[in-house]
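Fold and contact review
In case you want the letters, here they are:
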Amino acid sequence: MAKKVVVIGAGVSGLISLKCCVDEGLEPTCFEKTEDIGGLWRFKENVEDGRASIYKSVITDPSKEMSCFSDFPMPEHLPNFLHNSKLLEYFRTVAKKFDLLKYIQFQTTILSVKKRPDFSSSGQWEIVTKSNGKQQSAVFDAVMVCSLPHIPLQSFPGIQRFKGQCFHSLQYKHLEGCEGKRILVIGIGNSASDIAVELSKKAAQVFLSTRQGSWVLSRISDDGYPWDMVFHTRFRSMLRSVLPRRVVKWMMEQQMNRWFNRENYGLKPQNKYLMKEPVLNDDLPSHLLYGAIKVKSRVKELTETSAIFEGGTMEEDIDVIVFATGYTFSFPFLEDSLVKVETNMVSLYKYIYPPHLEKPTLACMGLIQPLGSIFPTVELQARWVMRVFKGLCTLPSESIMMADIIKRNEKRIDLFGESQSQILQTRYIDYLDELALETGAKPDVLSLLLKDPKLAMKLYFGPCNSYQYHLAGPGKWEGARSAIFTQKQRILKPLKARSPKTSFDFPVSFLLKILGLLAVAVGFFFQLQWF
């Protein structure tokens, strides 16, 4: 059984892993390269090597009810989608409430993670760190990698010819300095659309170049509720699994096009039958509508001042190019053989475990792109990892794990395509349930239908958030049921800052029915009088 666990990184995945270690009675030590917690979600003006970075205006894509720790709902006064500063504030509250800071050693860099000579029997690791110019070595029973250095993908062939300013979205912080310029943003992910919209407020013109198009969604869904609380339900997930894919895509396309027709705006995905992570942007359609942003096809060639696109069109006098073309990732402190990242495939069992290790004492956390919030995903990963470290859950043989990796990859390609940006993509609820099944935390909806039918209906037709996975199994939380039934209150609370006087308005149809009944009654009365 592993006892001493090293957690690499104090970002979101690191905090979640720390909390799970403490919950399970393990002895964690967290090494954080920077001076504070938060990782990606801690905005900094300067870009640091090997660290993912955000721009000042970033807002969360998943809503607060779908992003919180499963036993610690976000305060009801917080907005449903959080500015990065408010999300960081929540993480600080979590760290304080669960007393996690005492386990973190800040400004400590991991130099190497190596197997001990007796690893085949002990499963132990030797960790070499550097802090204040001094190197230290320590032995740990298990390792949780929660820090994944991000490296921008290669910008663009021939970019050397371009004489204007160019940079990766990693380096973008705010729109100052872009006033009155003609700007080309290459890419169509969330960062690309956010940056294009923000730049268009002061730029002379913004062009958005996309190779394949994308589904663009609003954060606001049916009846004004957050999109993910409507989209991510067990019922809808079941429909998407059992119905033919063409039917599912047709239904989704019809629903999405109620807001605006993507084809008319030049955004319709090239292969609409592949499931792709949607772009969440409430402002992009309106900025396209009044011309502040113009959608262009893939960039074919760059000249000194111009961009030539597929189809032969050209835009001249380009001042700035922003490459929002994604990232790759690396593990500089790990031996190359430990985690293999090959073409279109990451060799990790269920996106967590290297399959070839004699002992399952190394886990990669958060190395996944679910079609939903990453926070509950990492939490369920960590809860399973704890059970494996403690010897309460076992992994299958290497051959079975490799077969699963290959099969999972084939399924991923079939669903999401072969694009490098989709290498870690997976279905959301399916993956959460798969992880929860390993620890006995998956809710039994059929059983609950007999014992607690009201709760069962909430679980099946309501949003599939993290509270569901604390109703049963290890770490069962007594407040989970209450959190599920009070989530609507926490959604609406920040929206009701104004308290208008209640009015009793009759719907017109209801009023007509009342008048009709009165007319019948009056007619019946006069008929009696006649007789």
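Residues numbered from 1 in each chain as written. Predicted model: local features only at pLDDT ≥ 70, side-chain atom pairs only at ≥ 80, totals over all residues. Heavy atoms only, no water.

Remarks on the pattern of salt bridges
Scanning the entire structure with this criterion turns up 27 salt bridges. Between Arg182 and Glu315 there is a salt bridge, with the nearest N and O atoms lying 3.3 Å from each other. Note that Arg182 is positioned in strand β10 (residues 182-186) and Glu315 in strand β17 (residues 314-315), a separation of 133 residues in sequence. The buried category is assigned to Glu315, whose relative accessible area is 15%. Between Asp404 and Arg408 there is a salt bridge, with the nearest N and O atoms lying 3.1 Å from each other. Of this pair, Asp404 and Arg408 both sit in helix α10 (residues 398-416), four residues apart, roughly one helical turn. When its relative accessible area of 17% is taken as the criterion, Arg408 is described as buried. Salt bridges sharing partners connect three or more residues here, namely Lys350, Asp404, Arg408, Glu434 and Glu438. (Salt bridge = Lys/Arg side-chain N within 4 Å of Asp/Glu carboxyl O. Helix = DSSP H or I, 4+ residues; strand = E, 2+ residues; numbered from the N terminus. Buried < 20%, exposed > 50% of the residue type's maximum accessible area, 1.4 Å probe, protein only.)

Regarding the sheet that holds β17
If you walk across this open sheet you meet the three strands as β15-β16-β17, and the pairing is antiparallel. Each end of this open sheet is capped by a strand with a single partner; those strands are β15 (299-302) and β17. (Pairing = 2+ DSSP bridges.)

Overview of empty space enclosed by the protein
Any space left empty among the atoms is revealed by the rolling of a water-sized probe across them. Taken as a whole, this structure holds three cavities of 30 Å³ or more when the rule is applied. One number sums up the size of the largest cavity: a volume of about 100 Å³. Lining the largest cavity are ten residues, with Ser237, Arg240, Arg427, Tyr428 and Ile429 sitting closest to its centre. For the lining of the largest cavity, the secondary structure elements donating two or more residues are α6 (234-242) and α11 (428-439). Per-element tally for the lining of the largest cavity: the top contributor is α11, with three residues. In terms of residue class, the lining of the largest cavity is built from five nonpolar, two polar and three charged. (1 Å grid on protein atoms, 1.4 Å probe; cavity = no way out; pocket = protein on both sides within 12 Å on 5 of 7 lines; lining within 4 Å. Points joined across faces, edges and corners; volume = space filled by probe spheres on them. Nonpolar A, V, L, I, M, F, W, Y, C, P; charged D, E, K, R; others polar.)

Focus: the environment of Ser112
Tracing the sequence through the fold places Ser112 in strand β4 (residues 109-115). Between the C-alpha atoms of Ser112 and Pro332, which are 220 residues apart in sequence, the distance is 7.9 Å.

Quick word on the layout of surface pockets
By volume, the second largest pocket is sized at about 540 Å³. Listed by contribution, the elements that provide at least two residues to the lining of the second largest pocket are α5 (227-231), α6 and α7 (245-256). Broken down by element, the lining of the second largest pocket gets its largest block of residues, five residues, from α7.

With respect to the confidence of the model for the protein
Parts of the prediction with low pLDDT should not have their coordinates interpreted in detail. Taken residue by residue, the protein gives an average pLDDT of 88. The fraction at 70 or more is 89%. Put simply, helix α16 (residues 508-530) is where the protein has its lowest mean pLDDT, 57, and strand β3 (residues 104-105) is where it has its highest, 98. Across residues 526-531, confidence stays below pLDDT 50; counting only partners more than four residues off in sequence or on other chains, it has zero contacts. (pLDDT = per-residue confidence, 0-100. Contact = heavy atoms within 4.5 Å.)

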